[in-house]
Amino acid sequence: MIPSIRLRPMGAHDAEALLDLEHRPEVNRYQSYPPFDRTQAETYAREAEESWASGDNPAWQEFVIEADGAWAGRIGFEHAEGRATVWFAVLPAFQGRGIGRAALRELAKRLKVWQVREVWGYCDPENTPSARLMASVGFEEQAREENGDRAFCFRLASQVSSP
């Protein structure tokens, strides 16, 4: 059974959980940047909170994914001119339970309200779970980036696929 998920704005108080997520080898092995240190996690969480405070439609936002009330991961996006790029990471204890899929669907619905027409996601060529997750929601693989990452696009004119 898929746990109940909720996306809530990331805030400064999420820095410790973000630091924990970033230092999980199962999570950071596919990231294109090194894990945050404590100062970077605190700065990122604070800037995410400030982004939420900047207005109804900030250029980037970060959500905490909560599953049955527990901190399960993060999902965020940046957008401009009808196009968004998304990223996500789920704690290993919550992987394989449909939480990332549910979070990505919910984010796609919110982006549609903000007039985003295309949502792009990228993953390491060896990150098969992320590629499968994006495909399961309706993202279609487009090409490989110069750095080798796989590029996926979801056009929001289409319906967000159901579970």
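What counts as what
- Residues numbered from 1 in each chain as written.
- Predicted model: local features only at pLDDT ≥ 70, side-chain atom pairs only at ≥ 80, totals over all residues.
- Heavy atoms only, no water.
- Buried < 20%, exposed > 50% of the residue type's maximum accessible area, 1.4 Å probe, protein only.
- Helix = DSSP H or I, 4+ residues; strand = E, 2+ residues; numbered from the N terminus.
- Arc of directions from axis to C-beta.
- Contact = heavy atoms within 4.5 Å.
- Pairing = 2+ DSSP bridges.
- Expected span 1.5 Å × (residues − 1).

Caption draft 1: Spatial organisation of helix α1 (residues 15-22). Looking only at α1, the buried set comprises A15, L18, L19, L21 and E22. Buried positions in α1, seen along its axis, are confined to an arc of 160° and lie on one side of it. Those residues of α1 hidden inside the fold are in contact with α2 (25-28), α3 (38-53), β3 (70-80) and β4 (83-90).

Caption draft 2: Representation of the pairing of β3. Of all 11 residues in β3, 8 are buried, a share of seventy percent or more. Taken together, strand β2 (residues 60-67) and the strand that follows it, β3, pair antiparallel across an intervening segment of 2 residues, in which D68 is found at a positive phi of about 50°. With 8 bridges joining them, β3 and β4 adopt antiparallel strand pairing. Bridged to H79 within β4 is A84.

Caption draft 3: Seen up close, α3. End to end, α3 covers 23 Å across 16 residues, agreeing with the expected 22 Å (1.5 Å per residue, within 8%). Along α3, the positions that sit buried rather than exposed are A41, Y44, A45, A48 and S51. Take α3 and look down its axis: the buried residues cluster within an arc of 120°, on one side only. In α3, the exposed positions angled more than 90 degrees off the buried face are occupied by T39 and A53. Check the buried side of α3 and you find it contacts α1, β2, β3 and β4. At the exit of α3 stands G55, carrying a positive phi of roughly 145°.

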